[in-house]
Amino acid sequence: VDAWSSQLKGRLSSAELLLQETAPDSPREGRSTPRGSRGGSGAARGGGTMTSEERVKRALKRLEEDVPYHVALFAEPVSLRTLDGIDAMGLPNELRQLGERLLVALS
């Protein structure tokens, strides 16, 4: 439960950061890479604003990475049995809620 929760929270945080960075009216737009972010794409842009093409590429990359993870966790039979077992034991978790939030952030 802890490992899956941590992974989902990390992916959700990354997706939310991407949404903030790629929003057309984002206060971060035009800055070089924000502190604590990965990738260094700001340096590749020379510190300029993010183009529409760059926004699309980053969003597609995020989708390509996160959707298969979500499917593996919430659609594969073994994972579903594990999730059902976690729920049946009454273990406190927010896995399904985090999964839904991740899908919303990616849509």
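Visitor: I keep staring at the pattern of salt bridges and nothing clicks. Help me out?
Guide: Pairing between side chains of opposite charge can happen when the charged atoms of each approach one another. For the structure on display, the rule yields nine salt bridges. Here glutamate 94 and lysine 9 are joined by a salt bridge, their closest N and O atoms 3.2 Å apart. Taken together, the positions of glutamate 94 in the loop between helix H4 (77-89) and helix H5 (95-106) and lysine 9 in helix H1 (residues 2-22) put the pair 85 residues apart, joining distant regions of the chain. Given the relative accessible area of 35%, glutamate 94 is considered partly exposed. Between arginine 62 and glutamate 65 there is a salt bridge, and its shortest N-O distance comes to 3.2 Å. Here glutamate 65 and arginine 62 lie together in helix H3 (residues 52-74), a separation of three residues that amounts to about one turn. Of the residues examined, arginine 62 reaches a relative accessible area of 15% and is grouped as buried. Salt bridges sharing common partners tie together Arg11, Lys61, Arg62, Glu65 and Asp66.

Procedures and definitions
- Residues numbered from 1 in each chain as written.
- Predicted model: local features only at pLDDT ≥ 70, side-chain atom pairs only at ≥ 80, totals over all residues.
- Heavy atoms only, no water.
- Salt bridge = Lys/Arg side-chain N within 4 Å of Asp/Glu carboxyl O.
- Helix = DSSP H or I, 4+ residues; strand = E, 2+ residues; numbered from the N terminus.
- Buried < 20%, exposed > 50% of the residue type's maximum accessible area, 1.4 Å probe, protein only.

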